[in-house]
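The residues making up each chain are set out below.
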Amino acid sequence: MMTNENGNYTGKVAFVTGAANGIGRATALAFAREGANVVVADISEQGNQETVRMIEKLGKKAIAVRCDVTQTEDVKAALAKTIEAFGRLDFAFNNAGIEPKKPAPTAEYEEEEWNRIVDTNLRGVFLCMKYEIPLILKQGGGAIVNTSSGAGIIGIKGSPAYTAAKHGVIGLTKSAALDYAAQNIRVNAVCPGYINTPMMDRFTGGTSEGRAKVIAEEPIGRMGKSEEIAEAVIWLCSDGAAFVIGHAMVIDGGQTVQ
Ligand code: NAP
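Residues numbered from 1 in each chain as written. Predicted model: local features only at pLDDT ≥ 70, side-chain atom pairs only at ≥ 80, totals over all residues. Heavy atoms only, no water.

Q: Any details on the state of the cysteines? Residues and values, ideally.
A: Among covalent bonds in proteins, the disulfide is the one between the sulfur atoms of two cysteines. Across all of its chains, the model carries zero disulfides by this definition. In this structure C128 is not part of a disulfide, and its nearest cysteine sulfur, from C67, lies 5.7 Å away. Here C237 is not cross-linked by a disulfide; its sulfur's nearest cysteine counterpart is in C128, at 14 Å. (Disulfide = S-S within 2.5 Å.)

Here's what the structure looks like:
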């Protein structure tokens with residue numbers, strides 16, 4: 001348990017996007033394990049329900065809300081449901097994201113694909129924060145963690161949109177962190193390396209060759225687990241990280257150290 005004497009998570013409410021799968025699901029479960037009530041927000045309604053069932057099996061409370069983070073009305077409605085169900089918002093993990101369809105050099109990159117990636121991976125994070133922050137301020141503070149990537153730290157050949165969006169998430173995180181540091185909202189980011197999720201299965205084509213190629217880029221010699229990102233998010237939201245503001249935490253098995 002990461003809870004401290006003040007019961008950092010018990011009775012608190014966590015809103016997690018992209019929570020129907022992968023890193024978001026693992027983090028929703030981790031928030032529940034720590035005692036928070038959880039809002040499972042994702043475009044995948046079936047996946048949302050599965051995550052809620054997993055949380056309920058832990059004897060904890062969660063609700064599922066269908067939310068496309070690129071749609072202002074969805075984000076507003078999901079947060080309204082959060083308040084309706086649990087009466088407050090303390091933590092947000094803005095994690096929903098998509099991978100590019102195929103690599104292409106910048107001059108050959110489709111404008112439509114650029115818009116699709118940046119809309120979800122950067123504008124989606126902005127939209128979520130825009131409507132979460134007033135709710136978090138209402139009860140005097142809380143913490144937000146946004147999902148960037150190793151692609152937010154280094155350039156990725158053939159991936160201009162994803163790389164720009166994930167670098168953008170770090171800039172946005174730092175800017176929002178400064179805006180609200182004095183009002184007791186801490187905003188930070190996580191930068192995962194290659195993590196074994198459904199997104200990674202699509203990226204590798206689910207083949208052993210594809211997986212081996214990815215693992216070869218990881219100094220640690222394996223992919224990361226979603227739970228290893230969840231632990232970082234839980235710590236960044238905890239009182240133990242009270243002095244951590246605008247930080248982009250790299251959790252990547254050494255991938256971007258090389
Ligand atoms: P994932 O397995 O694909 O899970 C992401 C979830 O987000 C899916 O349930 C997906 O629904 C949902 N989603 C997609 N677009 C959405 C939208 N507009 N609104 C709400 N939900 C949406 O991905 P993951 O690997 O857990 O990745 C989570 C985050 O980590 C992403 O931001 C990703 O860029 C980042 N990341 C992942 C890795 C990695 O190696 N896995 C590395 C670095 C960073 P559908 O499945 O229905 O599309």
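Q: Give me the lowdown on the site of the ligand, citing residues and values where you can.
A: Of all residues adjacent to the ligand, which total 30 residues, the nearest are D42, N95, Y162, I195 and T197. A distance of 3.4 Å separates a nitrogen atom of the ligand from a polar backbone atom of C67. A distance of 3.0 Å is found between a nitrogen atom of the ligand and a backbone nitrogen or oxygen belonging to V69. In isolation the ligand exposes 880 Å². Once the protein is present, 90% of that is buried. Contributions of two or more residues to the shell around the ligand are made by α1 (22-33), α5 (160-180) and α6 (198-204). Counting residues per element, the shell around the ligand draws most heavily on α6, which supplies four residues. Classifying every residue of the shell around the ligand by side-chain character gives 14 nonpolar, 12 polar and four charged. (Near = heavy atom within 4 Å. Polar contact = N/O pair within 3.5 Å; in protein donor to acceptor, adjacent residues only side chain to side chain. Areas by Shrake-Rupley, 256 points an atom, 1.4 Å probe, with all protein chains shown as cover. Helix = DSSP H or I, 4+ residues; strand = E, 2+ residues; numbered from the N terminus. Nonpolar A, V, L, I, M, F, W, Y, C, P; charged D, E, K, R; others polar.)

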